[in-house]
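# Observations on the three-dimensional arrangement
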Amino acid sequence: AQRVTQPEKLLSVFKGAPVELKCNYSYSGSPELFWYVQYSRQRLQLLLRHISRESIKGFTADLNKGETSFHLKKPFAQEEDSAMYYCALLREYGNKLVFGAGTILRVKS
Amino acid sequence: SAVISQKPSRDICQRGTSLTIQCQVDSQVTMMFWYRQQPGQSLTLIATANQGSEATYESGFVIDKFPISRPNLTFSTLTVSNMSPEDSSIYLCSVEARDSGYTFGSGTRLTVV
């Protein structure tokens, strides 16, 4: 079964510290993976997708097929990064997203 | 990317009643998706709504409980029928946007009392 695991419910870091939000997946083919973010009182929005290989708001994520991971990283956390982050996998059939449980990132000043 | 308008944004309903949630997109899309997010949990796909055919439901979700309409390429509705407190959730509409992944509506926060 296709599954996304985000092991941390909450990650709390100080401003300026590095951030790594973990995401592991189970998938038999070539996965397409996403990170979505939901800021307080805002709708869920796409942060980045692995096929575009870009950096958004200083965040990057590299697909590691050997470790079946797609961790989200940022070298220096900012207070405005505080939000809920979801890792998602595009299901093979039907173009449907499977979401992880989400990780709350709290950046403290 | 596509812009989605979803309404109502929230509602408090009596058990046993039904609520219809509307999702309007500013461009034509082939597939529209309905998700549920129960308190403290992640998003779970309820069904995929295709224009001109019946919706495709995920395991654990049935048409009698969550009837869906898709009359055209820009609009869909999800009805939560015969509600119970366990149906209290956030319901979200989503569409696939060609260059920007999947876009989500702002959600409908439903409380059943």
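Going by the structure above, here's the rest.
As a starting point, this report considers the structure included with it. (Residues numbered from 1 in each chain as written. Chains lettered and ligands numbered in written order. Predicted model: local features only at pLDDT ≥ 70, side-chain atom pairs only at ≥ 80, totals over all residues. Heavy atoms only, no water.)

### Re the state of the cysteines
A covalent bond between the sulfur atoms of two cysteines is referred to as a disulfide. Applying the stated rule across the entire model yields two disulfides over all chains. For A:Cys23, the disulfide goes to A:Cys87, at an S-S distance of 2.0 Å. Between A:Cys23 and A:Cys87 the sulfur-sulfur dihedral comes to about -65°; the bridge is accordingly left-handed. Taken together, the residues span a long stretch of sequence, with A:Cys23 in the loop between β3 (19-21) and β4 (24-26) and A:Cys87 in strand β9 (residues 83-90) at a distance of 64 residues. For A:Cys87, a relative accessible area of 0% puts it in the buried group. Put simply, B:Cys23 and B:Cys93 are joined by a disulfide, and their sulfur atoms are 1.9 Å apart. Between B:Cys23 and B:Cys93 the sulfur-sulfur dihedral comes to about -65°; the bridge is accordingly left-handed. (Disulfide = S-S within 2.5 Å. Helix = DSSP H or I, 4+ residues; strand = E, 2+ residues; numbered from the N terminus. Buried < 20%, exposed > 50% of the residue type's maximum accessible area, 1.4 Å probe, protein only.)

### Thoughts on the interface of chain A and chain B
Taken together, the contacts link 17 residues of chain A with 22 residues of chain B. Taken together, both faces of the contact between chain A and chain B bury some 1500 Å²; the carbon and sulfur share is 49%. The largest per-residue losses of area from chain A upon contact with chain B belong to A:Arg43, A:Asn95 and A:Lys96, which jointly make up 35% of the total buried on that side. The interface formed by chain A and chain B contains two salt bridges. Here B:Glu58 ties to A:Arg91 by a salt bridge, and the two come within 2.8 Å at their closest N and O atoms. (Contact = heavy atoms within 4.5 Å. Buried area = accessible area lost by both parts, 1.4 Å probe. Salt bridge = Lys/Arg side-chain N within 4 Å of Asp/Glu carboxyl O.)

### Points about the layout of surface pockets
In this model, the largest pocket occupies a volume close to 770 Å³. The wall of the largest pocket is formed by 30 residues, among which A:Gln38, A:Tyr86, B:Gln37, B:Ile90 and B:Arg109 lie closest to the centre. Counting residues per element, the ones that place at least two in the lining of the largest pocket are β9 of chain A together with β9 (89-96) and β11 (108-112) of chain B. For the lining of the largest pocket, the element with the highest residue contribution is β11(B), accounting for four residues. Counted by class, the lining of the largest pocket contains nine nonpolar, 16 polar and five charged residues. (1 Å grid on protein atoms, 1.4 Å probe; cavity = no way out; pocket = protein on both sides within 12 Å on 5 of 7 lines; lining within 4 Å. Points joined across faces, edges and corners; volume = space filled by probe spheres on them. Nonpolar A, V, L, I, M, F, W, Y, C, P; charged D, E, K, R; others polar.)

### Looking at the environment of B:Ile12
All names here are of chain B. Assignment of secondary structure puts Ile-12 in strand β2 (residues 10-13). When the C-alpha atoms of Ile-12 and Arg-109 are compared, they prove to be 8.5 Å apart, with 97 residues separating the residues in sequence. With sequence-adjacent residues up to four places away left out, Ile-12 is seen in contact with Thr-111 and Val-113.

### Examining the sheet that holds strand β8 (residues 72-74) of chain A
Residue and element names in this part refer to chain A. Read across the sheet, three strands follow the order β3-β8-β7 without closing on themselves; strand pairing throughout is antiparallel. Of all the strands in the sheet, just β3 and β7 (60-61) have a single pairing partner and so form its edges. Looking at chain direction, β3 and β8 are connected through three bridges and run antiparallel. Each residue of the ladder has a partner; that of Val-19, found in β8, is Lys-74. (Pairing = 2+ DSSP bridges.)

### Looking at the sheet that holds strand β3 (residues 19-25) of chain B
Residues and elements named next belong to chain B. The sheet built from four strands is open, its strands ordered β1-β3-β8-β7 with antiparallel pairing. This sheet does not close on itself; its edge strands, each paired only once, are β1 (4-7) and β7 (68-72). If you compare each strand with its neighbour and ignore which way they point, the axes differ by 15° on average. Across three bridges, the pairing between β7 and strand β8 (residues 75-80) is antiparallel. (Axes fitted to C-alpha atoms, helices over the stretch in contact; angles between N-to-C directions.)

### Describing the side chain of B:Ser94
All names here are of chain B. Mapped onto the elements of the fold, Ser-94 is located in strand β9. At 3.1 Å, the side chain of Ser-94 forms a polar contact with the backbone oxygen of Thr-103. What Ser-94 contacts, discounting residues up to four positions off in sequence, is Ile-4, Met-31, Met-32, Phe-33, Tyr-35, Tyr-102, Thr-103 and Phe-104. (Polar contact = N/O pair within 3.5 Å; in protein donor to acceptor, adjacent residues only side chain to side chain.)

### Description of the pairing of strand β11 (residues 103-108) of chain A
It is a general feature of regular strands that their side chains alternate between the two faces of the sheet. All names here are of chain A. Residues Thr-103, Leu-105 and Val-107 of β11 are buried on one face, while the alternating residues Ile-104, Arg-106 and Lys-108, pointing to the opposite face, are not. Pairing analysis gives five bridges linking strand β2 (residues 10-14) to β11, with the strands arranged parallel. Paired with Leu-11 across the bridge in β11 is Leu-105. Taken together, the three bridges between β9 and β11 define a ladder with antiparallel strand orientation. For Tyr-85, the partnering residue across the bridge sits in β11 and is Thr-103.

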